[in-house]
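Okay, here's what each chain looks like letter by letter:
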Amino acid sequence: MDGYMSAIADVEPYLLYGGGEDPAPWSSAVLLVKVVTKDGRTGWGETLTSIRAGAVAYMVKVLAKVMKGRDVHNVESNRALWYKLDFNHAISLESVAALSAFDMASWDIIGRELGAPLHMFFGGLTRDRVLVYANGWYGGCRDPACFAEKAKDVVKKGYTALKFDPFGDSFDHIDESSLRRATEIVRAVREAVGDDVDILIECHGRFNAESAVRIAQALRPYRVYFFEEPVHPEDIEGLAKFKAAVDAPVALGERIINKGQLLQYIRYVDYLQIDLGRFGGPTEARKAAAMAEAYGVLMAFHNANGPVLHAATIQLDAAIPNFALQESFYDFWPQWKRDLIGGSMPVEGGYVSVPRRPGIGVDVNEKVVERYKAEPGEVEIRGEPHWVVKGTW
């Protein structure tokens, strides 16, 4: 085995910032992780940003001290060591996010070394193109006409499914006036896109069960594909009440960070939205997909961040048997994010062709990395929350 060892020489976070061009504050930055081995191999991973970017970047530097000198091939052993050393790993988003990007970069190196794309290590090719739904397309919209007009543009691009949050600044409880406005928005979008386009409703995990039930009942005539995070994420009892009260598919999972947490939610889920960048990378995300399959749950991996995470996620989408559809901001990113991977994963007719190049399937343009590289600064939270699409609160 010693002959195959490729010892890790460096693990480095790169925070990229492109200004205010992005559709939402959380995605104005990209946090990449570069892993380099002593024999010169390089791999890239990506994890979450938002108001936690600085904390995650710091945690990557802590993880780097542990991983230097270890064999990059031993992904399970490396994961187990980090789990053992970080006492709070099971409850720390920052710790899991750092490991996730490291794991992703490790698989990128392994794939490049063996000349195979990531999907070949996780079951082979189950599909050669991946169905995606559009997100991030409705920036600046607060009224039905704006949502409807932009939805038409999304469909013109070839998408057959789109997701949006029509709830404005409602939080916890939704009053009747706000519910009427949300209903008018959804009605306008349905009339604009017709019956053959799927509508996915983003609730952002911000309602109590009573409000979530009223929302689902009000929107039932518009054939919602799924309701994403209809209740507060920690409210499992509220989720059970929602499922018992309405006949509406539920999607969630982006805030679940390990398999133990997943077991608490899986019986209430129709579409599981684990995020590769905050669940443990491809290694753990593939296990989550297998758990979902055992419960008859379909996968709709979450990705509201950047192109490296998107590329790695598409690779898993290609392999798993219980795939439904994939979130995509690709056409609504600023150009620099597409340039980061050479514009290599365009959406055509609502699908992304699965890259067959080794590793995560794309090459990172390091000139773009250098151009947009930034230092984590002080976090400022003002105006809209970081988790909403810009201009919709």
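The structure this text deals with has already been given above.
Now for a look at the structure at hand. (Residues numbered from 1 in each chain as written. Predicted model: local features only at pLDDT ≥ 70, side-chain atom pairs only at ≥ 80, totals over all residues. Heavy atoms only, no water.)

Examining the sheet that holds strand β2 (residues 29-37)
Strand order in the open sheet formed by 4 strands is β3-β2-β1-β13, with antiparallel pairing between adjacent strands. Sheet topology places β3 (42-47) and β13 (373-374) at the edges, where each strand pairs with a single neighbour. Taken together, the 9 bridges between strand β1 (residues 8-17) and β2 define a ladder with antiparallel strand orientation. Counted as the bridge partner of Leu16 is Val30 from β2. Here helix α1 (residues 53-67) sits on the sheet and contacts β1, β2 and β3; the angle it forms with β1, its principal contact strand, is near 170°. (Pairing = 2+ DSSP bridges. Helix = DSSP H or I, 4+ residues; strand = E, 2+ residues; numbered from the N terminus. Contact = heavy atoms within 4.5 Å. Axes fitted to C-alpha atoms, helices over the stretch in contact; angles between N-to-C directions.)

Some points on empty space enclosed by the protein
Under the counting rule described, the total for this entry stands at 1 cavity of 30 Å³ or more. Within this model, the largest cavity holds a volume of roughly 40 Å³. In this structure, the largest cavity is lined by Tyr138, Asp165, Gly168, His204, Val388, Val389, Thr392 and Trp393. Classifying every residue of the lining of the largest cavity by side-chain character gives 4 nonpolar, 3 polar and 1 charged. (1 Å grid on protein atoms, 1.4 Å probe; cavity = no way out; pocket = protein on both sides within 12 Å on 5 of 7 lines; lining within 4 Å. Points joined across faces, edges and corners; volume = space filled by probe spheres on them. Nonpolar A, V, L, I, M, F, W, Y, C, P; charged D, E, K, R; others polar.)

Side note on the pairing of β2
Taken across its 9 residues, β2 has 8 buried, putting it largely inside the fold. One ladder, built from 6 bridges, connects β2 with β3; its direction is antiparallel. The partner of Leu31 across the bridge, within β3, is Thr47. Here β2 folds back onto β3 in antiparallel fashion, the turn holding 4 residues, of which Gly40 has a positive phi close to 90°. (Buried < 20%, exposed > 50% of the residue type's maximum accessible area, 1.4 Å probe, protein only.)

Some thoughts on the layout of surface pockets
Approximately 840 Å³ is the volume found for the largest pocket. Forming the boundary of the largest pocket are 31 residues, of which Ser50, Glu254, Arg255, Arg278 and Trp387 lie nearest the centre. Residue composition of the lining of the largest pocket, grouped by class: 14 nonpolar, 9 polar and 8 charged.

Side note on unusual backbone geometry
Positive phi, normally seen in glycine, also occurs at Ser50, with a value near 55°. Topologically, Ser50 is positioned in the loop between β3 and α1. In this model, Asp172 sits at a positive phi of 70°, which is unusual for a non-glycine residue.

Focus: the packing of α1 against helix α3 (residues 93-114)
Interaxial distance between α1 and α3 falls to 8 Å at its minimum, and their mutual angle equals 60°. Between α1 and α3, the angle is such that the two are oblique. The handedness of the crossing between α1 and α3 is right-handed. For the pair formed by α1 and α3, the contact residues are Ala55, Val56, Met59, Val60, Leu63 and Met67 on the first element and Glu94, Ser95, Ala97, Ala98, Leu99 and Phe102 on the second. Taken together, the residues of the contact of α1 with α3 sort by class into 10 nonpolar, 1 polar and 1 charged. (Parallel < 35°, antiparallel > 145°, perpendicular 65-115°, else oblique. Left-handed = near helix turned anticlockwise from the far one by under 90°.)

Let's talk about the environment of Leu340
Relative to the assigned elements, Leu340 resides in the loop between α11 (335-339) and β12 (351-353). By relative accessible area, which is 0% here, Leu340 ends up buried. Taking the C-alpha atoms as reference, Leu340 lies 9.6 Å from Val362; in sequence the two are 22 residues apart. Once residues within four sequence positions are removed from consideration, Leu340 is found in contact with Leu16, Leu32, Pro307, Asp363, Val364, Asn365, Val368 and Val369.

Digging into the pattern of salt bridges
Counted by the stated rule, this structure contains 24 salt bridges. Its salt-bridge partner being Arg112, residue Asp363 comes within 2.9 Å of it at the nearest N-O pair. Of the two residues, Asp363 sits in the loop between β12 and α12 (366-372) while Arg112 sits in helix α3, which places them 251 residues apart along the sequence. For Asp363, a relative accessible area of 31% puts it in the partly exposed group. Between Asp165 and Arg206 there is a salt bridge, with the nearest N and O atoms lying 2.7 Å from each other. Of the two residues, Asp165 sits in the loop between β5 (161-164) and α5 (176-193) while Arg206 sits in the loop between β6 (198-202) and α6 (209-219), which places them 41 residues apart along the sequence. One exposure class covers both Asp165 and Arg206, and it is buried. Residues joined by salt bridges that share partners form a network here, namely Glu76, Arg79, Lys259, Glu284 and Lys287. (Salt bridge = Lys/Arg side-chain N within 4 Å of Asp/Glu carboxyl O.)

Describing the packing of α5 against α6
As a packed pair, α5 and α6 sit with axes 10 Å apart at the nearest point and diverge in direction by 40°. Note that α5 runs across α6; the crossing there is right-handed. The segment α5 lies against α6, with Glu176, Leu179, Ala182, Thr183 and Val186 engaging Arg214, Ile215, Ala218 and Leu219. Grouping the constituent residues of the contact of α5 with α6 by class yields 6 nonpolar, 1 polar and 2 charged.

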